[in-house]
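Residue strings, one per chain:
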Amino acid sequence: MPIALLPDRAVVAVSGPDALAFLQGILTCNVETLPEGEARLGALLTPQGKIQFDFLVSRAGDGFRLDTAAERVADLVKRLGLYRLRAKVTVAADPASGVAAAWDGAETAAETIRVSDGRLPALGERLYFSEGAFSADATEADYHAHRIGLGVPEGGRDFAFGDAFPHEALMDQLGGVDFKKGCYVGQEVVSRMQHRGTARTRILPIVYRDGPAPEPGTEVTAGARSLGVTGSAAGGRGLATIRLDRLGDALAAGEPVRAGGTVAAVGKPDFAAFAFPSDTAAAG
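Residues numbered from 1 in each chain as written. Predicted model: local features only at pLDDT ≥ 70, side-chain atom pairs only at ≥ 80, totals over all residues. Heavy atoms only, no water.

If you check an unreviewed UniProt entry, the chain appears there as Folate-binding protein YgfZ from Methylorubrum podarium.

The structure is reproduced here in structure tokens:
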């Protein structure tokens, strides 16, 4: 029942009487329907529909917290400020809040704020605390191994910001995009991809069969075909950005998949509902 501190994560606080309407108008997820006690995946996109920032959004009193990559906090605060205009909203980093993850029913101190990770039940809970609120019995690496094993991507580790569409990062499969809400930045492109079914590239689980996981960014190939690139990895498993059509052609031709010099098997996450070239490619 592990608890892992996540020093690579930090909190941005969004507060004020217009906070809900402000976030609802610019984020991919539905903030209006967000219940207390849930952290929901969301993103701020470019006008061209690519992910600038990803985060977990949860309610915090009369406002919201955005759980995001620590190294991106200052940029996120600045970007949100550009959209604020005349809205009665305050956007600021919250350096007093630490972030942790707990899964498999881990217990924590009563003063810790616990919210369910809305991406996937198996991810467990996100924990927000003041310094010294509790100690952890697992590492950041343990958490990422857990996340990778479930097939859940994370921005900056499995895709580059400004380069991936929400569908490619599986946000449509993990509750990070609401296709029924009103407009938000980049909404037209994302909606068109959804309705036309044009997401040819997806981040998929990959299992390394005969060698160690290669470095992130290593090309994934099959014969002469370039299928994509690797992302994060742990314990012989990883994630990779893969062109589904090229993977289908490789499987039909009986060509082995390789990442660098390592033979690999590519599959579909258990939670995903999109079409996959062949069940025989399932990682495991």
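With that settled, the discussion passes to the overall build of the chain. For the chain, the count of helices and strands is 5 helices and 15 strands. Its C-alpha atoms put the chain at 60 × 45 × 25 Å along the principal axes. Every one of the 284 residues in the chain was classed for burial, and the buried ones make up 52%. Here the contacts in the chain between residues at least 6 apart in sequence split such that 68% fall between residues at least 24 apart. Accessible area of the chain: about 12,600 Å², with a carbon and sulfur share of 49%. Charge separation in the chain, taken as the distance between the mean sites of 29 positive and 35 negative side-chain charges, equals 8 Å. (Helix = DSSP H or I, 4+ residues; strand = E, 2+ residues; numbered from the N terminus. Buried < 20%, exposed > 50% of the residue type's maximum accessible area, 1.4 Å probe, protein only. Contact = heavy atoms within 4.5 Å. Areas by Shrake-Rupley, 256 points an atom, 1.4 Å probe, with all protein chains shown as cover. Lys, Arg positive; Asp, Glu negative; His and termini not counted. Charge placed at Lys NZ, Arg CZ, Asp CG, Glu CD.)

One closed barrel holds the 6 strands; their spatial order is β10-β13-β12-β11-β14-β15, and the pairing between them is antiparallel. Direction aside, the axes of adjacent strands within the sheet are offset by 40° on average. As paired elements, strand β10 (residues 201-208) and strand β15 (residues 262-266) share 3 bridges and run antiparallel to each other. Of the residues in β15, the one forming a bridge with valine 207 is alanine 265. Its contacts with the sheet place helix α3 (residues 140-150) against β12 (225-234) and β13 (237-243), and it is angled at close to 145° to β12. Contacts between helix α5 (residues 244-253) and the sheet are confined to β10, β11 (219-222), β12, β13, β14 (257-259) and β15, with β12 contributing the most and set at about 105° to the helix. (Pairing = 2+ DSSP bridges. Axes fitted to C-alpha atoms, helices over the stretch in contact; angles between N-to-C directions.)

Here we take up the environment of aspartate 249. Along the polypeptide, aspartate 249 turns up in helix α5. Taking the C-alpha atoms as reference points, aspartate 249 and threonine 218, separated by 31 residues in sequence, lie 20 Å from one another.

Core analysis: the biggest nonpolar cluster contains 50 residues, and Leu204, Ile242, Leu247 and Val257 have the highest contact counts within it. Among all residues touching leucine 247, those that are not within four sequence positions of it are Leu204, Leu227, Ile242, Val257, Val266, Phe276 and Pro277. Counting 23 residues, the second-largest nonpolar core is a separate cluster that includes Leu23, Val31, Leu34 and Leu80. (Core = buried A, V, L, I, M, F, W, Y, C linked by side-chain atoms within 4.5 Å.)

A separate point is the pairing of strand β2 (residues 9-15). Among the 7 residues of β2, 5 are classified as buried, and the element is accordingly described as predominantly covered. In the sheet, β2 pairs with strand β5 (residues 63-69) via 6 bridges, with the strands oriented antiparallel. Within the sheet, the bridge partner assigned to valine 12 lies in β5 and is leucine 66. Here 4 bridges tie β2 to strand β6 (residues 90-93), and the two strands are oriented antiparallel to one another. By the bridge assignment, serine 15 is partnered in β6 with threonine 90.

A few words on the UniProt feature "domain: CAF17 C-terminal" (unreviewed entry) in the chain. The sites that UniProt annotates as "domain: CAF17 C-terminal" (unreviewed entry) are residues 200-272. In residues 200-272, the share of helix is 14% and the share of strand is 51%. The end C-alpha atoms are 14 Å apart. (UniProt positions renumbered as here; feature names shortened; annotations may be inferred.)

Moving on to the sheet that holds strand β9 (residues 125-130). The 9 strands lie next to each other as β1-β7-β9-β8-β3-β4-β5-β2-β6, forming an open sheet whose pairing is mixed. A strand with exactly one partner marks an edge of an open sheet, and here the two such strands are β1 (3-5) and β6. Mean inter-strand twist for the sheet, computed between neighbouring axes without regard to direction, equals 35°. Pairing analysis gives 2 bridges linking strand β3 (residues 38-45) to strand β8 (residues 113-117), with the strands arranged parallel. Residue glutamate 38 lies in a different strand from β8, and its bridge partner there is serine 116. Packing of helix α2 (residues 73-84) onto the sheet brings it into contact with β2, β3, β4 (51-60), β5 and β6, and relative to β2 it is tilted by some 20°.

With the rule as written, the count across this model stands at 2 aromatic pairs. Note on phenylalanine 159 and phenylalanine 161: the rings are 5.9 Å apart at their centroids and 70° apart in plane angle, and the pair reads as edge-to-face. The class of phenylalanine 159 is buried, set by a relative accessible area of 9%. With relative accessibility at 23%, the residue phenylalanine 161 sits in the partly exposed group. (Phe/Tyr/Trp six-rings, centres within 6.5 Å; stacked < 30°, edge-to-face > 60°.)

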